[in-house]
Amino acid sequence: MDDDPETPDEGGQDNPDPIASGGTGGGSSLDAGAAKAGSGGQPKEAATSPPDASTFDASTGGSNASAQCTALFCEDFEGSPTIDTSVWTVRKDNSNSVALDSTLVAHGQRSVKFHAVANSRLAMMFAKLTPLATRQRLWGRAYFYVTPAPPEGHTAFITAGTMEGFSNSDDHQEIACYHGAWQLGFWGNGEIISAGGKIPLNRWACIEWEMNNAAGNMTVYVDGLKSHAGAGYGKNKIATGFTDVAFGFRSWHPANYVVDISMDDIAIDDERVGCLPR
C-alpha cells in the first residue's frame, strides 16, 4: 500500500465535545436488541469531564468495572480466560500472538494483547457486526495502549467494512497511524486518507471513533477530545456497509522492533458511547 497522507496537524487533542458515559459489560455481546441506557432509548447521560488517563491506575481495575455495557456490541474480555472464538476470529503472522492478558488492563481483570515481533505485519481479531443500526454509520470506543510506539509507516488498529479478502482486496474504513499521527481512511477500490492529531503512547487512553459510510467521513477522539477528523473518503464506498470489524495490528510498513498493542472495553453502537466514568 502506497501512503501519502496530508501533512499531520501540529499538536494533539483539541475541540472538546460532550461525551456519553458507557459501561463495561461481562464478556462478549453481539445482541442487536440490547437495551439502551435510560428509558425509551433516550441518549446516554453526558459525562461531566473526560477521564484523566494520564493518572489512570490500572491496578485498581477502574471505578466502574462492573457496570453493564448498553451498546449494541460489547467486549470487555471478562467472560472467559481465553478469546471467545464464537465471536472472534484471530489472524496473525506465525511469530505473532493475540491473547488475553491479565498483566496490563484498563478495567477488570483482562484485556487483549496483540504482540507483533520485529518486521511482522499482522496480529488482529475479526468479528461479524450484526446490528443493522450500525451498518452505514457507527460509533466505537476502546481503551488503547501501545508500546513502545507503532511503526512509522501505515499501520491499522481498527477497521470496519467487509473483511472478505482483507487486507488487499476488501473495502473498509480504518483508524490507523502514520508517523505518530492518526491516519483515517478508506481502503478498497482506491485509497483515500488523511492524517492528524497524535497517537498516545505508553499509557491507557480512551479512543472513540465515528465511521460514516453514507457521508464518507470519519472522526477519532482521545480521552473525550477530538484529535482528528476527515471527510471526502467517498460516499457509500463500502457496498455492503459495516458488516465486519477488526482490532489489532496490521502494518504495511513493519517496524524493526517489537510492538505491543493492548485493548480493553470495546463497544460499538449507533450513537456515541463515551468513555467510562472515573
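Chains are numbered independently. Their residues run from 1 in the order of the written sequence. Given that the model is predicted, a residue must reach a pLDDT of at least 70 before its local features are reported, and side-chain atom pairs must reach 80 or more before they are shown or counted; all residues, however, enter totals for whole chains, interfaces and linings. Only hydrogens and water are removed before side-chain values are computed, so all heavy atoms of the structure are retained for them.

K.L.:
Which parts of the structure should I look at to understand the overall build of the protein chain?
P.N.:
The numbering of helices and of strands both runs from the N terminus, where a helix is a DSSP run of H or I of at least 4 residues and a strand a run of E of at least 2. Looking only at helices and strands, the protein chain features zero helices and 17 strands. Residue burial is assigned from relative accessible area. The probe radius is 1.4 Å, only protein chains are included, and a residue is buried under 20% of its type maximum, exposed over 50%, and partly exposed in between. Per-residue burial over the protein chain gives 55% buried out of 278 residues. Nonlocal contacts in the protein chain, meaning residues at least 24 apart in sequence, comprise 75% of its contacts between residues at least 6 apart. When the accessible area of the protein chain is evaluated, it comes to approximately 11,000 Å², of which 47% is carbon and sulfur surface. Contacts between residues were defined by any pair of non-hydrogen atoms, one from each residue, lying within 4.5 Å. Only the protein chains shown count as covering a residue, and every accessible area follows the Shrake-Rupley method with a 1.4 Å probe.

K.L.:
What's the story with the pattern of salt bridges in this structure? I'm lost.
P.N.:
Think of it this way: side chains of opposite charge can pair up when their charged atoms draw near. The working definition used for a salt bridge is a side-chain nitrogen of Lys or Arg within 4 Å of a carboxyl oxygen of Asp or Glu. With the rule as written, the count across this model stands at four salt bridges. One salt bridge connects Asp-223 with Arg-203, and the closest N-O pair in it is separated by 3.0 Å. Of the two residues, Asp-223 sits in the loop between β14 (217–222) and β15 (225–230) while Arg-203 sits in the loop between β12 (190–196) and β13 (205–212), which places them 20 residues apart along the sequence. Between Glu-208 and Arg-272 there is a salt bridge whose closest N-O contact spans 2.9 Å. Of this pair, Glu-208 sits in strand β13 while Arg-272 sits in the segment after β17 (259–269); the two residues are 64 residues apart in sequence, bridging distant segments of the chain. The exposure class assigned to Glu-208 is buried, which follows from its relative accessible area of 0%.

K.L.:
Sorry, what's going on with the environment of Gly-140 here?
P.N.:
With respect to the helices, strands and loops of the structure, Gly-140 is situated in strand β8 (residues 137–147). Under the relative-accessibility criterion, Gly-140 is labelled buried at 2%. On a C-alpha basis, the gap between Gly-140 and Glu-208 in space is 5.4 Å, while along the polypeptide they are 68 residues apart. If we ignore the near neighbours within four places in the chain, the residues touching Gly-140 are Ile-207, Glu-208, Trp-209, Ala-267 and Ile-268.

K.L.:
Honestly, the environment of Ala-267 in this entry has me stumped. Any pointers?
P.N.:
Assignment of secondary structure puts Ala-267 in strand β17. According to the relative accessible area criterion, Ala-267 is buried, its value standing at 0%. For the pair Ala-267 and Ala-71, spaced 196 residues apart in the sequence, the C-alpha separation amounts to 6.0 Å.

K.L.:
Just to check I follow, could you spell out the state of the cysteines for this structure?
P.N.:
Any covalent bond linking the sulfur atoms of two cysteines counts as a disulfide. Any pair of cysteine sulfurs within 2.5 Å is marked as a disulfide. In total, this model carries two disulfides according to the counting rule given. Each sulfur in the disulfide pair Cys-69 and Cys-74 lies 2.0 Å from the other. Of note, the bridge from Cys-69 to Cys-74 carries an S-S torsion of about -75 degrees and is left-handed in sense. Both residues of the pair, Cys-69 and Cys-74, belong to the buried class.

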